[in-house]
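Remarks on the overall topology
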Amino acid sequence: MKIIENNLIEHLNEIDLFICSSGFESRSKKVALSLSQSLVAKAIVFHMSDTYRISNEHLSLIEEHFNDIEKIIYPKNAPLDTFDIFYSTLKNVSLLNNKAKLKTVIDISTFTREILLILIKVLSLPTFANFDVKIIYTPNKSYANNSKNAWMTRGVRDIRSIVGYSGLLSPSKKTVLIILAGFEEERTENIIDSFEPYHIILGKPSKSDSITNELSEIADNKYNFIKKKYEHLIVEEFEFSCISYENTFKSLDKIIKKFAGFNLIVSPLNNKISTVGVAMSALKNEELQVCYASANQYNIDAENIECDYFMLFDLNF
């Protein structure tokens, strides 16, 4: 559901728990600053240690807006520790609240894909069955002035399966790598070269389910680069959604059923909404492994312009 910025408070009304992340992109603070503190019973901001100066500035603005917000620092590139921190933080919230349903709103805009997947895994556990979760996302309508040469990340530190999404891989089966392509072709190349898959299934965002036509064109160019380079490995192409996690889930469901006899590894490399679709698919299909390539450098100087609306979804486990 698309919500105009000025209608957010009226639409959400009272919130039991609000969760956000303070990142280097200006949109990391947009939802938080659009809410009214008087309507939020508890707010938590997750903040990565050893991060950029601009991320700390965004954190300060969020803390100024919510006087009593709880700040949780989690470590960089330590996913097991992050899982434990998320679990203990949310369990404390659950223990202090006896509501049958805890209205929880999570701004997923600037969590890394790995951290977002870990957070969703934690929330899927029976301990948090009383959490009534809504996710909200602020799309960017441009990246680095929509330049075809725009880059978001450079370098790959390492490639790992995501905690909670290790899958059920068998040495007797051949590996199929499912890629939800995005803007980061270097990351995509590193993932493909690392896994040396038997087959690749390459996905791109459908034009009708992209945030803007301009972003769709950039994604097409980067998709075609990967397609040309790895043409000999690609056995199937598909389209997924950047505006509906349910539609991405449905697209993946068809592929998983079709290639059930293989080891299946999926790499979400597009926006956070499609990443949520991957998370929900992997939670349903435990044989599916989700992988992540951590970046060495983010382009914090790129001029990214956020949309003047939000996307809001119910997260139904």
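Before reading further, recall that the structure is shown in the block above.
This report concerns the structure included in the present document. Not measured: the values here are computed from a predicted model. Within every chain, residues take consecutive numbers counted from 1 along the sequence as written. Thresholds applied to this predicted model are a pLDDT of at least 70 for local features of residues and 80 or more for the giving and counting of side-chain atom pairs; totals over whole chains, interfaces and linings are not thresholded and use all residues. Calculated side-chain values reflect all of the structure's heavy atoms, with hydrogen atoms and water omitted.

A word on the overall build of the protein
Here is the rule we go by: The helix and strand labels rest on DSSP assignments: H or I over at least four residues marks a helix, E over at least two residues marks a strand, and numbering proceeds from the N terminus. Our radius of gyration looks at C-alpha atoms and nothing else; its globule reference is 2.2 Å times the residue count to the power 0.38. Buried, partly exposed and exposed residues are distinguished by accessible area as a fraction of the type maximum, computed with a 1.4 Å probe on protein chains only: under 20%, between the cut-offs, and over 50%, respectively. Should any heavy atoms of two residues lie within 4.5 Å, those residues are considered in contact. Only the protein chains shown count as covering a residue, and every accessible area follows the Shrake-Rupley method with a 1.4 Å probe.
Each helix and strand counted, the protein has nine helices and 15 strands in total. The C-alpha radius of gyration of the protein comes to 19 Å, within 12% of the 20 Å expected for a compact globule of 317 residues. Taken along its principal axes, the extent of the C-alpha atoms in the protein is 55 × 40 × 35 Å. Here the protein holds 317 residues, and the buried ones make up 56% of them. Relative to all contacts within the protein whose residues are 6 or more apart in sequence, the contacts with residues 24 or more apart total 85%. Carbon and sulfur atoms provide 47% of the accessible area of the protein, an area that totals close to 13900 Å².

A closer look at the pattern of salt bridges
We apply this condition: Basic side-chain nitrogens of Lys or Arg form a salt bridge, by our definition, when they fall within 4 Å of a carboxyl oxygen of Asp or Glu.
Scanning the model with the defined rule gives 19 salt bridges in all. Between Asp-314 and Lys-134 there is a salt bridge, and its shortest N-O distance comes to 2.7 Å. Residue Asp-314 is located in strand β15 (residues 309–314), and its partner Lys-134 is located in strand β6 (residues 131–137); the two are separated by 180 residues in the primary sequence. Looking at Lys-134, the relative accessible area reads 19%, which means it is buried. Lys-229 serves as the salt-bridge partner of Glu-189, at 2.4 Å between the closest nitrogen and oxygen. Of this pair, Glu-189 sits in helix α6 (residues 185–195) while Lys-229 sits in helix α7 (residues 213–229), and the two are 40 residues apart along the sequence. Accessibility expressed as a relative area gives 16% for Glu-189, which makes it buried. On the basis of relative accessibility, which here comes to 41%, the residue Lys-229 falls in the partly exposed class. Taken together, the shared-partner salt bridges connect Arg-113, Glu-184 and Arg-187 into one network.

As for the packing of aromatic side chains
Keep this limit in mind: Centre distance within 6.5 Å is the pairing criterion for rings of Phe, Tyr and Trp, where only the six-membered ring of Trp is used; planes under 30 degrees apart are then read as stacked, over 60 as edge-to-face, and the remainder as tilted. By the criterion adopted, a ring carries a charge over it if an Arg CZ or a Lys NZ lies within 6 Å of its centre and within 35 degrees of its normal.
This model, assessed by the stated rule, comprises eleven aromatic pairs. When the ring of Phe-46 is compared with that of Phe-111, the centres are 6.4 Å apart and the planes differ by 55°; the resulting orientation is tilted. Highlighted residues: Phe-46 in strand β3 (residues 40–48) and Phe-111 in the loop between β5 (102–107) and α5 (113–123), separated in sequence by 65 residues. By relative accessible area, which is 1% here, Phe-111 ends up buried. Positioned over the ring face of Tyr-309 is Lys-2, at 4.4 Å from the centre of the ring. Over the face of the ring belonging to Tyr-223 we find Lys-204, whose NZ or CZ atom lies 5.3 Å from the ring centre.

Concerning the environment of Glu-114
Looking at where Glu-114 falls in the secondary structure, it is placed in helix α5. Given the relative accessible area of 4%, Glu-114 is considered buried. For the pair Glu-114 and Arg-154, spaced 40 residues apart in sequence, the C-alpha separation works out to 17 Å. Once residues lying within four places of it in the same chain are set aside, the contact partners of Glu-114 are Pro-79, Arg-160, Ile-162 and Tyr-292.

Side note on the sheet that holds strand β8 (residues 153–161)
Put simply, the rule reads: At least two DSSP bridges between two strands are required for those strands to pair. Between N-to-C directions, angles cover 0 to 180 degrees, with each direction set by a line fitted to C-alpha atoms, over the stretch in contact for helices.
Pairing within the open sheet is mixed, and its six strands lie in the order β8-β13-β12-β9-β10-β11. Looking at which strands have only one partner, the edges of the open sheet turn out to be β8 and β11 (234–240). Strand-to-strand twist across the sheet, computed as the mean angle between neighbouring axes with direction ignored, equals 25°. Bridging between strand β12 (residues 263–268) and strand β13 (residues 289–298) involves two bridges; their strand directions are parallel. Within the sheet, the bridge partner assigned to Val-266 lies in β13 and is Val-290. Of the strands in this sheet, β9 (175–180), β10 (199–205), β11 and β12 are in contact with helix α8 (residues 245–258), which crosses β11 at around 155°. Its contacts with the sheet put helix α9 (residues 272–284) on β9, β11, β12 and β13, and the angle it makes with β12 is roughly 155°.

What to know about the side chain of Ser-274
The test is simple: Any N or O atom pair separated by 3.5 Å or less is treated as a polar contact, with the protein-specific requirement of one donor-capable and one acceptor-capable atom, and with residues adjacent in sequence counted only for side-chain atom pairs.
In this structure, Ser-274 sits in helix α9. Looking at Ser-274, its side chain comes within polar contact range of the main-chain oxygen of Asn-271, at 2.9 Å. Residues in contact with Ser-274, not counting those within four places in the same chain, are Leu-180, Phe-240, Ser-241 and Thr-248.

A closer look at the packing of helix α4 (residues 79–95) against α5
Note the threshold: By definition in this entry, angles of less than 35 degrees are roughly parallel, angles greater than 145 are roughly antiparallel, angles of 65 to 115 are roughly perpendicular, and the rest are oblique. Working rule for handedness: look at the near helix, and if it is turned counterclockwise from the far one by less than a right angle, call the crossing left-handed; if clockwise, right-handed.
α5 packs onto α4 with a crossing angle of 45° between their chain directions and a minimal axis gap of 10 Å. Taken together, α4 and α5 sit at an angle that is classed as oblique. The chirality of how α4 crosses α5 is right-handed. Where α4 abuts α5, its residues Pro-79, Thr-82, Phe-83, Phe-86, Tyr-87 and Leu-90 lie against Glu-114, Ile-115, Ile-118, Leu-119, Lys-121, Val-122 and Leu-123.

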